[in-house]
Amino acid sequence: MPDYEPNPSAGQQAEPAPESSNRLELVETGEWKRVSPKYVVVEIVGTIVNAVVVCGGATLLWLLLDQTWALWVGIVVLAVSIINLVFEPRRVRAIGYLLRADDLLFRRGILFQRFVAVPYGRMQLIDITRGPIARWLGLADLKFVTAAASAGVSIPGLAEADAESLRDRLVELAESRRAGL
Amino acid sequence: MNEEPVAHARPALTAPRTDLTDGEWHRLHPATPLLRGGIFMVAIIGFIIANLRERLIDLFTGEENYGGDPIDAIYERGATGWALLIIGGVLVVILVVFYLSWRLHTFRVTGEIVEVRSGLVFRSNRKARLDRVQGVNLTRPLIPRLFGAARLQITVAGQDGNVELAYLGSKLADDLRRDILHLASGLRQAKQPAAAPDAPVTSAPAVDGMPIAHSALGDFATARFNEFRAPELDPDAAPPHSVVRIPPRRLIGSVVLSGFTVFLLLAGMGLIISVIAGSSGWVLVAVLPGLIGSVGYYFSRITKTLRFSITGTPDGVRVGYGLLSTSSQTLPPGRIHAIEVSQPILWRRFGWWQISINTAGQASGRSSTPVTGTTLLPVGTLADVEKVLQLALPDFDTETHRALIENGMLGGRKRDAGIADFYSNAPARAVWLRPFSWWRTGWAVSGSVALIRRGILSRDLILVPLARMQGVRISQGAIRRRLRLASAALHTVAGPVTASLSVIDVDEALVLFEWMSTGAVRSALADTSHQWSRTAPPTQEATE
């Protein structure tokens, strides 16, 4: 018998439950740690810079080379950027991580939700990077790298001191649970 | 040819085979620079022939109408002496460089590491830890094979993380592979008492080695021929029979019935239509080289996988293939990170399957090493698949596990309505996202292995040993949220297999997340395969 017995009724519910329970939400987890609220600034600046570059390029194409389609591309990018800006604070609030007994949990996203669990023993290295704006705000990004093709977990927008203590904590945890590759 | 230097350069040959693993520095086969620089030499010879081809043709036809080739030009200007001097100088330089590069290319094997030093101007030094060995490959490309040389690659994790011993004498490479695997398996303590009975056996090949080295050319040729014929030179280290035999007809059939053929047929149809529609003949001229190239593709695919063999040895699964250039790859236990059993739709009528794997030490992105290391079974029947999976996952062969595998390959929710389906399947509303394959999309966990069943166009079953899994992810976008679905993925090292599940019920996804994350930790703690012989005695269990 497989260890996991599929619940025969699990897939068969014809009636979808109410919208609220359609969301992915881990139960019986502890307190999610959130990233610094200041990280919103980094995201906003990034979005604005992106929008300015793309819209500027599109405008140039439109005005100088008379390409009408460039105008539409520019408008679409601008609209998407504005929507992004509106939701930015909520998106940043949705980023969270949690150190469980044997693995690191990570979540992000509201519309597109994502949960990742990585056992500490699988750690290959931890990367701490700081972009120019993040450095100005005293923030750092922490990346937990495993041997997997898809980069393990990347927690953006931690206060620098937090990032360093988290790194040391993770290295310590990984050391005690070291597994071969 | 090079039998004389073998004896000189390698006093180690007189001693038992373990002598190479004594931690001292040793040199490679003396013909190494020549074999490594093979392409360079071919290019030079090709260049010379291209320049002198008229002279060569005339040598046979007997007509003297050449003129204006480089030799004439040199002769007419009276620069013969200079030309000879330059040629001689170049030859001397080449010889000196070859000799020095051979002198400086040394390796050593200790109890913990394999280390290679090489390079004339730019020195390089590579070290691999033996307990991190992901695989040991023994390849014999055609030309070195004719000279009785082989390349031993010790793969460790990471892109291009190979320590390469190229080239070694064939016999020596076999012995060294065995020694390295023994050292890596953590067998050292256990080996000490067994050394006495082991010694005469191990020294025997080395003793043969000497007469071969000093014998006449005829014996040399015979030895080469025997090596050439034998797929595996280490009969005592591996059971002689492959657990799977692929009849050539099935192999050819499988290569012909591939997506590439479909593409070719479509291209051919397009071509015919364009000719009928009245386009000129130049299209045909443009396409013809492509057609010839595709014949080459079929040929190389077939010769590469001809004589495929897979056997279980105490040191792991050994996969051998190749007709002209042979390759034999040893995967120690617990080095397989993900397995995919799949059946393209064209193979369904014949009941053929193929198995590919992810391993941490894939030499991807390098042209010199074939990327065939990811195929565990090029084409096989259901019974073959079961045998190969038993080798790859030795703890996974009870009745239940077999049922689980069969169910995963052939089954689905709709078809096996009456029979117990071990998989937890996607709900019926997944039909909106996976209209054809939703009823086959499911997952299960058994022991320390996670199974994912999916696909209808290409029926896939993915097995991931949880002890090797790097992480688990579940995610949900707006569409899946409306349908109360989610998607899931198990992170493994890079390779041809991606263990992802595109549709799964939301509650199931949470269950999967918990099962996989706790299972990964639990199995990793129980896992001892990094030195596979240390805890368990070196039994022959994997060899059936």
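Here the residue numbers are simple positions, counted from 1 along each chain's written sequence. Chain letters and ligand numbers both follow the written order, the letters beginning at A and the numbers at 1. Local features in this predicted model are restricted to residues of pLDDT 70 or higher, and side-chain atom pairs are both shown and tallied only at a pLDDT of 80 or more, whereas totals for entire chains, interfaces and linings draw on every residue. Heavy atoms throughout the structure, all of them, feed into the side-chain values; hydrogens and water do not.

Chemist: Any chance you could explain the overall build of chain A here in plain terms?
Modeler: Within chain A, the secondary structure is distributed over 4 helices and 7 strands. A run of H or I in DSSP becomes a helix once it reaches four residues, and a run of E becomes a strand once it reaches two; helices and strands are each numbered from the N terminus. Mapped in sequence order, the helices and strands of chain A form the string β-α-α-β-β-β-β-α-β-β-α. Accessibility here uses a 1.4 Å probe with only protein chains present; expressed as a share of the type maximum, an area under 20% marks a residue as buried, one over 50% as exposed, and anything in between as partly exposed. Considering chain A as a whole, with its 181 residues, one finds that 38% of them fall into the buried category. In chain A, the share of contacts with a sequence separation of at least 24, taken over all contacts with a separation of at least 6, comes to 53%. For chain A, the exposed area adds up to about 9900 Å²; of that, 62% sits on carbon and sulfur atoms. Residues count as neighbours in contact if any of their non-hydrogen atoms are within 4.5 Å of one another. Where accessible areas are quoted, they stem from the Shrake-Rupley method and a 1.4 Å probe; at the residue level, only the protein chains shown are allowed to cover.

Chemist: Would you mind going over the UniProt feature "transmembrane region" (unreviewed entry) in chain B with me for this structure?
Modeler: Residues and elements named next belong to chain B. UniProt positions are given in the numbering used here, feature names are shortened, and annotations may be inferred rather than shown by experiment. Those residues carrying the UniProt feature "transmembrane region" (unreviewed entry) are residues 34–52, 82–102, 251–276 and 282–299 in this numbering. Across residues 251–276, helical content stands at 92% and strand content at 0%; the span's end C-alpha atoms are separated by 35 Å. With 100% helix and 0% strand, the stretch residues 282–299 has end C-alpha atoms that lie 27 Å from each other.

Chemist: It is not clear to me how the interface of chain B and chain A should be interpreted in this structure. Could you clarify?
Modeler: Where interface size is given, it is often the accessible area lost as the parts come together that is meant. Taken together, the contact between chain B and chain A spans 53 residues of the former and 43 residues of the latter. Both sides of the chain B and chain A interface together cover about 4000 Å² of buried area, and 56% of this is carbon and sulfur. Accessible area that two parts lose when put together, evaluated with a 1.4 Å probe and summed over both, is termed the buried area. On the chain B side of the interface with chain A, the three residues burying the most area are Q470(B), R481(B) and R484(B), jointly 17% of the side's total. Basic side-chain nitrogens of Lys or Arg form a salt bridge, by our definition, when they fall within 4 Å of a carboxyl oxygen of Asp or Glu. Taken together, the connections running from chain B to chain A amount to 1 salt bridge. The partner of E514(B) in a salt bridge is R100(A), and the shortest N-O contact between them spans 3.3 Å.

Chemist: Just checking my understanding: could you explain the confidence of the model for chain B for this structure?
Modeler: In low-pLDDT segments, the atomic positions of the prediction should not be examined closely. Residue and element names in this part refer to chain B. The pLDDT value tells you how sure the predictor is about a given residue, anywhere from 0 up to 100. Counting all residues, the mean pLDDT for chain B is 76, and 77% of those residues have values of 70 or more. Scored below 50 in pLDDT, residues 1–16 shows 37 contacts in the model against residues more than four places distant or in partner chains. Throughout residues 363–371 the model reports pLDDT below 50, and contacts reaching past four residues in sequence, or to other chains, amount to 8 contacts.

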